[in-house]
Amino acid sequence: MKELNNLFSLIIFLFLLFKCISGCVEPCLSCNIDDSCKTCNPGYYLSGSSCEPCDSICKTCSGLSTNCNSCNDGYYFSDYICKPCDSNCITCEFKSSFCYSCKEGFFYSNYGCISCPTLCSTCSSLTSCHSCINGYYIFSEHCRQCNSNCKTCINSDTNCLTC
């Protein structure tokens, strides 16, 4: 009888060890007792008992790869579809031009992205540059040209970073 108890204990131990080793495998978030997927990580949807990737524009989806529940940056959710934001928006909502954040070279104003002044690479308004294109430096929130010997400069036209 003692040998039977030891054998039974060994079988239970091995079963539990196997469960710990096998477990749930990415992209499954949680699994059933047979290690089939029950839920999936974001960016995947449950198809039968496995997780399949969502379409590249979907942050989350369900049922099919193109049935988006939420969208990645550069897209907004409308009528169960991810539609592209305007080209100067990083994130938008409700419609393509209703921006929440802007790409470099643009600044955010009243849910839109407005182009920075010509020589600015980043700005917060039409009169406030934060960085300039190569060959220019910031002076009082405006871009000024570097000396002709400088490819890039900082703080003055003759303080060359690269020649």
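This text follows the structure it describes.
Quick caveat: nothing in here was measured; it's all calculated off a predicted structure.

Colleague: Explain the packing of aromatic side chains here, please?
Modeller: Where two aromatic rings form a pair, the distance of their centres and the angle of their planes describe that pair. Summed over the entire model, instances satisfying the criterion amount to six aromatic pairs. Ring geometry for Phe98 and Tyr100: centres 5.9 Å apart, planes at 75°, overall edge-to-face. On the basis of an interplanar angle of 10° and a centroid distance of 4.3 Å, the ring pair of Phe98 and Tyr111 is categorised as stacked. Of this pair, Phe98 sits in the loop between β9 (89-92) and β10 (99-102) while Tyr111 sits in the loop between β11 (106-109) and β12 (112-115), placing them 13 residues apart in sequence.

Colleague: Even after reading the chapter, I still don't get the nonpolar core, so can you show me in this structure?
Modeller: As a rule of thumb, soluble globular proteins bury nonpolar side chains together. Ranked by size, the top nonpolar core spans eight residues in total: Tyr45, Cys54, Ile57, Cys58, Cys61, Cys68, Cys71 and Cys82. For this core, the secondary-structure elements that each account for two or more residues are β5 (58-61) and β6 (68-71). When near neighbours in sequence (up to four residues on either side) are disregarded, Cys68 contacts Cys58, Thr60, Cys61, Phe77, Tyr80 and Cys82.

Colleague: Is there a simple way to think about unusual backbone geometry in this case?
Modeller: The bulk of non-glycine residues show a negative phi, and the bulk of peptide bonds are trans. Look at the link from Glu26 to Pro27: it is a cis peptide, with omega at 5°. Considering the arrangement of structural elements, one finds Pro27 in the loop between α1 (2-22) and β1 (28-31). Of note, the phi angle at Asp35 is positive, near 70°, even though the residue is not glycine. Inspection of the secondary structure puts Asp35 in the loop between β1 and β2 (37-40). Positive phi, normally seen in glycine, also occurs at Asp79, with a value near 55°. With relative accessibility at 62%, the residue Asp79 sits in the exposed group.

Rules of the game
Sequence order as written defines the numbering, with residues in each chain counted from 1. Since the coordinates come from a predicted model, pLDDT governs what is reported: local features require at least 70, and pairs of side-chain atoms require 80 or more to be given and counted, while whole-chain, interface and lining totals use all residues. Calculation of side-chain values draws on the structure's entire complement of heavy atoms; hydrogens and water are dropped beforehand. Whether two aromatic rings pair depends on their centres lying within 6.5 Å, for rings of Phe, Tyr and Trp, where Trp uses its six-membered ring; planes under 30 degrees apart make the pair stacked, over 60 edge-to-face, and the rest tilted. Think of it this way: any DSSP run of H or I at least four residues long counts as a helix, any run of E at least two long counts as a strand, and we number them from the N terminus. Only buried Ala, Val, Leu, Ile, Met, Phe, Trp, Tyr and Cys residues count toward a nonpolar core, and they belong to the same one when joined by side-chain atoms within 4.5 Å. Note on exposure labels: buried denotes an accessible area under 20% of the residue type's maximum, exposed denotes more than 50%, and partly exposed covers the range between, all computed with a 1.4 Å probe on protein chains only. Whether two residues are in contact is decided by their heavy atoms, any of which lying within 4.5 Å being enough.

Function cannot be inferred from these measures alone, as they are strictly geometric.
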